[in-house]
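# Residue-level structure breakdown
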Amino acid sequence: MARRWYALVLVLSLIGIAAPAQAAAPRANPVVLWNSNAQQAIYEVARQAPYVAPRSFAMVHGAIYDAVNAISGTPYEPYLTAPRAHRGDSLDAAVAAAAYRVLLSLFPAQSASLDQMYADALAPIPDGRAKTGGIRAGSDAAAAMIAARAGDGAFADKSWNASTAPGQWRPTPPTLASDGAWVGDLRPFVIPRGDMFRTAGPPALTSAAWARDLAEVKAVGGVTSTVRTPDQTQSAIWWHDRRLTEWEIKRQVSDRQHLSTLAAARFFAMAEIANADSLIACFNEKKFWNFWRPVTAVQETSDPSWMPLLVTPPFPDYTSGHTCSTSTIMYTMRSFFGRDNIPFSAYSADSGTTRSFRSFSSAVDEVVEARIWGGVHYRTADVQGVRIGNGVAKYVLAHEFRRR
């Protein structure tokens, strides 16, 4: 291809015709770029767990949204603030400043790498009033977000109520770890209270529903299961990927739908803030019901040697954090784009496979099954997690990010 291009240039020059310019590489959406930068800082370096990272992402994207929205003339209701800005201020500079300032406040030990990300983002922007105005708007939005989340209960010294009683949670093998007890008490971003979506709880241990849940996960979720298919095994591992494939999915859908900077800022803020509140509501349920994990129930009721396919997370079962999170994100995308049938795919390094979906709802359907195939959740915990995730997303979208 390159040889043909240069041959064409030579021929045209010989006959006195200017060669057409090569098409410039498409400009990356700054919101998508800084979502990727945030993943690098939040997960790849800081290693924040999937139930901790949503707070950080929500802070980053809430600040980005307020800055971009203000420069765009505030067509939507601000999340926290409408910083002083002018049309014509650089949106790229605003996005970079907002994300950088929030990330630096969260991870001061990463200042060197964050400084470089910021410098790289600002370098192509011409110096002048537009660049200065964008930096100011982004910095002001970040300052408002940092102040708003001060004292919100993050990383508080709290613990789960471990118990040896039947039906109650206790640390699970092989790690016997306990973590994340503060998440359910974190001050929400939008919903009024963490217990707003309280459910009726897991099935009683004397019920037929409980017997079905236990028998199902024991049969299909064990590490040596002969019932689970190879594709189901791959699905369980794919959905368990600690990089949370939702990051890649949101970026992919945003790019393929050709979102503007304003649209992307609003989309990511909606998804990330709703996701943070969904995890708060989910973990509030976990703390309230304190229900035991499948590995505990199976080992103590029928098979002491049974182990799940996946390593069980270090907190109670009910409700499923993964289905809470996934349903929230998929509901948000379905609402934002006004349709369900947008196909997407994502690669997981953990499973070494790419999975493709024809719609947002089909992804939710699969994650419900995948957590059972992995042996870490009962069906009821997954189904109720979807209910909470949808409810939180619906509430957030009805109360924030609306057109003025």
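Owing to the predicted nature of the structure, the values given are computational and were not obtained by experimental measurement.

Along the polypeptide, A346 turns up in strand β1 (residues 344-348). Note on A346: relative accessible area 2%, which makes it buried. As for A346 and A63, which are separated by 283 residues in sequence, their C-alpha atoms are 27 Å apart. What A346 contacts, discounting residues up to four positions off in sequence, is W238, T245, E248, I249, T353, T354 and R355.

This brings us to the packing of helix α10 (residues 261-289) against helix α14 (residues 379-399). Between α10 and α14, whose axes approach to 9 Å, the crossing angle comes to 135 degrees. Relative to α14, α10 is oriented oblique. Note on packing geometry: the crossing formed by α10 with α14 is right-handed. In this structure, α10 contributes M270, A274, D277, S278, A281, C282 and E285 to the contact, and α14 contributes I388, G389, V392, A393, V396 and L397. Taken together, the residues that form the contact of α10 with α14 break down as 9 nonpolar, 2 polar and 2 charged.

Moving on to the packing of aromatic side chains. The full count for this structure, using the stated rule, is 26 aromatic pairs. When the centroid spacing of 5.2 Å and the interplanar angle of 35 degrees are considered together, the rings of F57 and W247 count as tilted. Here the residue F57 occupies a position in helix α3 (residues 53-71), and W247 occupies one in helix α9 (residues 246-256), the gap between them amounting to 190 residues. Geometrically, the ring pair formed by F288 and W289 is edge-to-face, given 4.9 Å between the ring centres and 85 degrees between the ring planes. Each member of the aromatic cluster is reached from another via a ring pair, and the members are W238, W239, F344, F357 and F360. The ring of F189 carries the charged tip of R149 above its face, separated from the ring centre by 3.7 Å. Residue placement shows R198 over the ring face of F288; its charged tip is 4.0 Å from the ring centre.

All right, on to helix α8 (residues 230-239) then. Every α-helix winds through 3.6 residues per turn, so residues three or four apart in the chain are directed the same way. Of the positions making up α8, those classed as buried are Q232, S235, A236, W238 and W239. Seen from one end, α8 has its buried residues packed into an arc of 165 degrees, which puts them on one side.

Counting across every chain of the model gives 16 salt bridges. Across the pair E44 and R243 runs a salt bridge whose closest N-O atoms are separated by 3.1 Å. Remark: R243 occurs in the loop between α8 and α9 and E44 occurs in helix α2 (residues 30-45); sequence separation between them is 199 residues. We classify E44 as partly exposed; its relative accessible area is 22%. Residues R355 and E366 are paired through a salt bridge, measuring 2.7 Å at the closest nitrogen-oxygen approach. One end of the pair, R355, is in strand β2 (residues 353-357); the other, E366, is in helix α13 (residues 360-373), with 11 residues separating them in the sequence. Here the two residues R355 and E366 agree in accessibility, since each one is buried. Taken together, the shared-partner salt bridges in this structure form one network comprising E44, R47 and R243.

Time to look at the nonpolar core. Formed by 119 residues in total, the largest nonpolar core has its most connected members in W34, I64, L103, F189 and M333. Here this core takes 15 residues from α10, the largest share from any one element. Ignoring anything within four residues of it in the chain, the contact list for F189 reads R55, A58, M59, Y79, M145, R149, I273, A276 and D277.

For the pair α2 and α3, the least separation of the axes is 11 Å and the interaxial angle reads 150 degrees. If you check the angle between α2 and α3, you find them roughly antiparallel. Where α2 crosses over α3, the two elements pack in a sense that is right-handed. Of α3, the residues touching α2 (which contributes V31, W34, N35, A38, Q39 and I42) are A53, S56, F57, H61 and I64. Its residues assigned to classes, the contact of α2 with α3 comprises 7 nonpolar, 4 polar and no charged.

Thresholds applied
- Residues numbered from 1 in each chain as written.
- Predicted model: local features only at pLDDT ≥ 70, side-chain atom pairs only at ≥ 80, totals over all residues.
- Heavy atoms only, no water.
- Helix = DSSP H or I, 4+ residues; strand = E, 2+ residues; numbered from the N terminus.
- Buried < 20%, exposed > 50% of the residue type's maximum accessible area, 1.4 Å probe, protein only.
- Contact = heavy atoms within 4.5 Å.
- Axes fitted to C-alpha atoms, helices over the stretch in contact; angles between N-to-C directions.
- Parallel < 35°, antiparallel > 145°, perpendicular 65-115°, else oblique.
- Left-handed = near helix turned anticlockwise from the far one by under 90°.
- Nonpolar A, V, L, I, M, F, W, Y, C, P; charged D, E, K, R; others polar.
- Phe/Tyr/Trp six-rings, centres within 6.5 Å; stacked < 30°, edge-to-face > 60°.
- Lys NZ or Arg CZ within 6 Å of the ring centre and 35° of its normal.
- Arc of directions from axis to C-beta.
- Salt bridge = Lys/Arg side-chain N within 4 Å of Asp/Glu carboxyl O.
- Core = buried A, V, L, I, M, F, W, Y, C linked by side-chain atoms within 4.5 Å.

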